[in-house]
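Structural description and commentary
One-letter residues, chain by chain:
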Amino acid sequence: MTPDTPIWTPSAGRLAGAHLTAFAKLAELSYDRKLNGYAELWRASVADPARFWSLVWDYCGVIGDKGATALSDGDNMLAARFFPEARLSYAENLLRRDDDSDALVFWGEDKLQRRWSWRELRAQVSLLQQAMRGAGIQAGDRVAGFMPNMPETIAAMLAANSLGAVWTSCSPDFGADGAVERFGQTEPKLLFCPDGYWYAGKAVDIRAKMAALAEALPSVRQIIVVPYLGETGVFAENVPKAITLTDFTAAYQAQALSFERLPFRHPLFILYSSGTTGKPKCIVHGAGGTLLQHLKEQQLHGDVHHGDRLFYFTTCGWMMWNWLVSGLASGAALMLFDGSPFVGEGRTLWDYAERQRFTHFGTSAKYIDGLRKSGIAPVREWKLDSLRAVFSTGSPLVAESFDWVYANIKADINLASVSGGTDIVSCFALGCASLPVYRGELQCRGLGMAVDIYNEYGRPVRGEKGELVCTRPFPSMPVGFWNDPDGGKYRQAYFGRFDNIWCHGDYAELTAHDGMIIYGRSDAVLNPGGVRIGTAEIYRQVEAFDEVLESIAVGQQWQDDERVLLFVRLRAGARLDEDLQQRIKAQIKTGASPRHVPAKIIAVADIPKTISGKIVELAVKNVIHGQPVSNLTALANPEALKLFENLDELQS
């Protein structure tokens, strides 16, 4: 297959029933001209963002008061305001259904299975709404979840938002220090937690951790303990400020919900940066921008329809959880999972997908690579007749993984690699069910997102690697950073490099198909001999070796230059002998270039990652240069950094 041949093309039947087909017809009426294909629709959407986002509001049926103005100060990225007169409630938009069909299905590994109908979800939100109001929660207060990805987490978030409170969360596998570094900044009044959780088949006790949080977070008035392991009573007795969920809501009965409609930019979520280079940034996202962006991405790009069954493997410490829950606003049922994706020898998720008839399966590139090396081929063992799309994010999905997905999961699916981040709680480039898929590429730039690639001189380039930028405002730009009253930290983070242009920090390229390739983070780009190299270009070649489970590439300052180091974690029984080293180097040389070939290849027992599973090149780079890593609590396995200290191999 040549690079110009798509690996998948949507059928005529799919195109006829796609959201994007219907939306394009609406756009042609609004713009009063023919829009030939996605490229013309995209250009129209970024040339007139006010008209485009107003159409998204109408097409997706946003519930709320729209106001007369769609965009003010549109030429100024920092001053721009979408729908400045609008008032809406995110929770009201997500809870638009009230029937007995599935709203939430939950699997806690292979230990627990539950489902809530839309009616049951609304009843749970009603109880929590009343209990929160009784606890004094008001608009602008923060409510936190130290929670697994389970139904009660979504109900608590919706109840808080229905009152205008701000939801913030991380997953219970965070250490106490990591949680305090986040919640200590945002000062929640209520904190939800489970009575423990399952991971890799084992029950995990978090009572000591929650007792430490109760002491370290004076803003928290109550800790609400949600049943998971069935030990809420004992748990609450041993944790200060704790009350069981049953006792918290005992005084109330389910009744009609009320929703506080607030301005478009009213804070909805506070998300946290990974914090691997310092204290986590607290990124505030507005209700209207988050809702509108997610509706656009899920309907126009992901082709999520009323009644679909949407799954994303995520924790509550990753922005994909926030993205997933917005699927309720499209009338989709959410398929929730908590625990290890490789429990049951990696079979549990696919049992879940088959039994619950997933239409959309979302995961990470690392999971796909791990599945590929596990030997499991879902196409041979599970019936996936309902599955229409596989979404991948978290790191670049290499071309070989595209091949593997189509050969081993399903041939007729939209494989959508997506990229954006916590900073925008959405995507800059992503998939589209109406476009062909080319191996190794993100299909398109998002509608309404004026994404470009700039070289080091601030000029747009095609077919060249450079900085991913956005040149026009978009609704899901953050409201700001928490505790950044003059906006200085916010401006420096995104607008410090190019005036009035968002610089995202990704190293990327626009392709001949108007798709995109992401090569990694700009701050992790390697620079041997003055030539910039994205780390993903190396990982793509290394992942072809079955002996290598995962790898990390960093630059080492050496003799007035920078040399490339490659660290590999090997499969049990494999050895990094001379033969394997030479084969890896040869693959990198022919598959990438001679400049990509590492000066050293070193085997390590583990590779440090954030709690959301991203490898941390900068932290490893600091360690090998004898520099401190400022925030170890951001890492899932900080002890792995010790493996990179004072290595003899790096002295020659």
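Only a predicted model underlies this, so the values are computations on that prediction, with no experimental measurement involved.

1. A closer look at the overall build of the chain
Of the regular secondary structure elements, the chain holds 21 helices and 32 strands. The C-alpha atoms of the chain give a radius of gyration of 24 Å, which matches the 26 Å a tight globule of 652 residues would have. Judged by the C-alpha coordinates and their principal axes, the chain covers about 70 × 65 × 55 Å. Considering only intrachain contacts with a sequence separation of at least 6, the fraction spanning at least 24 residues in the chain is 71%. When the accessible area of the chain is evaluated, it comes to approximately 24,200 Å², of which 48% is carbon and sulfur surface. Placing the 66 positive and 74 negative side-chain charges of the chain at their respective mean positions leaves the two points 2 Å apart.

2. A short note on the sheet that holds strand 22 (residues 419–421)
One open sheet holds the three strands; their spatial order is 22-23-24, and the pairing between them is antiparallel. In this open sheet, the two strands that pair with only one neighbour each are strand 22 and strand 24 (444–445). With two bridges connecting them, strand 23 (residues 426–430) and strand 24 associate as antiparallel partners. In the sheet register, Ala-429 faces strand 24, and the bridge partner there is Arg-445. Running over the sheet, helix 12 (residues 287–301) touches strand 23 and strand 24 and is turned about 35 degrees from strand 23.

3. Comments concerning unusual backbone geometry
For Asn-483, which is not glycine, the phi torsion reads 60 degrees and is therefore positive. Asn-483 sits in the exposed class, given a relative accessible area of 52%. Phi angles above zero are rare outside glycine, and Asn-646 is one such case at about 50 degrees. Note that Asn-646 resides in the segment after helix 21 (617–624).

4. Side note on the packing of aromatic side chains
Under the definition given, this model contains 38 aromatic pairs. Ring centres of Phe-106 and Tyr-228 lie 5.8 Å apart, and the angle between their planes is 65 degrees; this geometry places the pair in the edge-to-face category. Here the residue Phe-106 occupies a position in strand 5 (residues 102–108), and Tyr-228 occupies one in the loop between strand 12 (222–226) and helix 10 (232–237), the gap between them amounting to 122 residues. The buried category is assigned to Phe-106, whose relative accessible area is 0%. Given a relative accessible area of 7%, Tyr-228 falls into the buried group.

5. Overview of the packing of helix 19 (residues 535–542) against helix 20 (residues 578–591)
Running from N to C, helix 19 and helix 20 point in directions that differ by 125 degrees, and their axes come no closer than 9 Å. Classed by the angle they form, the pair helix 19 and helix 20 counts as oblique. The handedness of the crossing between helix 19 and helix 20 comes out as right-handed. In this structure, helix 19 contributes Ile-538, Gln-541 and Val-542 to the contact, and helix 20 contributes Ile-584, Gln-587, Ile-588 and Gly-591. Taken together, the residues of the contact of helix 19 with helix 20 sort by class into four nonpolar, three polar and no charged.

6. Brief notes about the pairing of strand 20 (residues 389–393)
Most of strand 20 sits inside the fold, with five of its five residues counted as buried. Judged by which residues are buried, strand 20 turns out to be covered on both faces: Ala-389, Phe-391 and Thr-393 on one side and Val-390 and Ser-392 on the other are all buried. Here strand 19 (residues 360–364) pairs with strand 20 via five bridges, running parallel. Following the sheet pairing, Thr-363 is matched in strand 20 by Ser-392.

7. Points about the nonpolar core
Counting 148 residues, the largest nonpolar core has Met-132, Phe-192 and Trp-502 as the members making the most contacts within it. The element that contributes the greatest number of residues to this core is helix 7 (residues 151–162), accounting for seven residues. By size, the runner-up hydrophobic cluster in this structure holds 36 residues, among which are Ile-615, Ala-619, Leu-635 and Leu-650.

8. Some remarks on the environment of Gln-113
Looking at the element boundaries, Gln-113 is found in strand 6 (residues 112–117). What makes Gln-113 partly exposed here is its relative accessible area of 41%. Put simply, Gln-113 and Ser-630 are 517 residues apart on the chain and 40 Å apart in space, counted from C-alpha to C-alpha. When near neighbours in sequence (up to four residues on either side) are disregarded, Gln-113 contacts Phe-106, Trp-107 and Arg-355.

9. What to know about the environment of Leu-190
Note that Leu-190 resides in strand 9 (residues 190–194). Measuring from C-alpha to C-alpha, the distance between Leu-190 and Met-132 comes to 8.5 Å, with 58 residues separating the pair along the chain. The contact partners of Leu-190, leaving out residues within four places of it in the chain, are Met-132, Ala-135, Ile-137, Arg-142, Val-143, Ala-144, Gln-222, Ile-224 and Phe-248.

10. Regarding the pairing of strand 29 (residues 516–521)
Note: strand 28 (residues 502–510) against strand 29, five bridges, orientation antiparallel. What sits directly across from Asp-506, in strand 29, is Arg-521. Once strand 28 ends, the chain turns through five residues before running back antiparallel as strand 29, passing Asp-514 with a positive phi of about 65 degrees.

11. Notes on the sheet that holds strand 29
With respect to topology, four strands assemble into an open sheet ordered 25-26-28-29, the strand pairing being antiparallel. The open sheet is flanked by strand 25 (451–454) and strand 29, the only strands paired with a single partner. Strand-to-strand twist of the sheet, defined as the mean angle between neighbouring strand axes without regard to direction, takes the value 45 degrees.

12. A word on the packing of helix 15 (residues 365–374) against helix 17 (residues 399–408)
Where helix 15 meets helix 17, the closest approach of the two axes is 10 Å, and the angle between their N-to-C directions is 60 degrees. Every pair of crossing elements has a handedness; the one defined by helix 15 and helix 17 is left-handed. Every residue of helix 17 that contacts helix 15 at Ile-368, Leu-371 and Arg-372 is listed here: Ser-401, Trp-404 and Val-405. Residue classes in the contact of helix 15 with helix 17 are distributed as four nonpolar, one polar and one charged.

13. Some details on helix 17
Buried residues dominate helix 17, accounting for seven of its ten residues. Listed in full, the buried residues belonging to helix 17 are Ala-399, Ser-401, Phe-402, Trp-404, Val-405, Tyr-406 and Asn-408. Tucked inside the fold, the buried residues of helix 17 contact helix 15, helix 16 (378–381), strand 21 (414–417) and helix 19.

14. Digging into the state of the cysteines
Enumeration according to the criterion identifies zero disulfides in this entry. Left without a disulfide partner, Cys-282 is nearest to the cysteine sulfur of Cys-170, which lies 11 Å away. Overall, Cys-282 belongs to the buried group, its relative accessible area being 3%. We note that Cys-470 lacks a disulfide partner, and the nearest cysteine sulfur, in Cys-503, lies 11 Å from it.

What counts as what
- Residues numbered from 1 in each chain as written.
- Predicted model: local features only at pLDDT ≥ 70, side-chain atom pairs only at ≥ 80, totals over all residues.
- Heavy atoms only, no water.
- Helix = DSSP H or I, 4+ residues; strand = E, 2+ residues; numbered from the N terminus.
- Rg over C-alpha atoms; globule rule 2.2 N^0.38 Å.
- Contact = heavy atoms within 4.5 Å.
- Areas by Shrake-Rupley, 256 points an atom, 1.4 Å probe, with all protein chains shown as cover.
- Lys, Arg positive; Asp, Glu negative; His and termini not counted.
- Charge placed at Lys NZ, Arg CZ, Asp CG, Glu CD.
- Pairing = 2+ DSSP bridges.
- Axes fitted to C-alpha atoms, helices over the stretch in contact; angles between N-to-C directions.
- Buried < 20%, exposed > 50% of the residue type's maximum accessible area, 1.4 Å probe, protein only.
- Phe/Tyr/Trp six-rings, centres within 6.5 Å; stacked < 30°, edge-to-face > 60°.
- Parallel < 35°, antiparallel > 145°, perpendicular 65-115°, else oblique.
- Left-handed = near helix turned anticlockwise from the far one by under 90°.
- Nonpolar A, V, L, I, M, F, W, Y, C, P; charged D, E, K, R; others polar.
- Core = buried A, V, L, I, M, F, W, Y, C linked by side-chain atoms within 4.5 Å.
- Disulfide = S-S within 2.5 Å.

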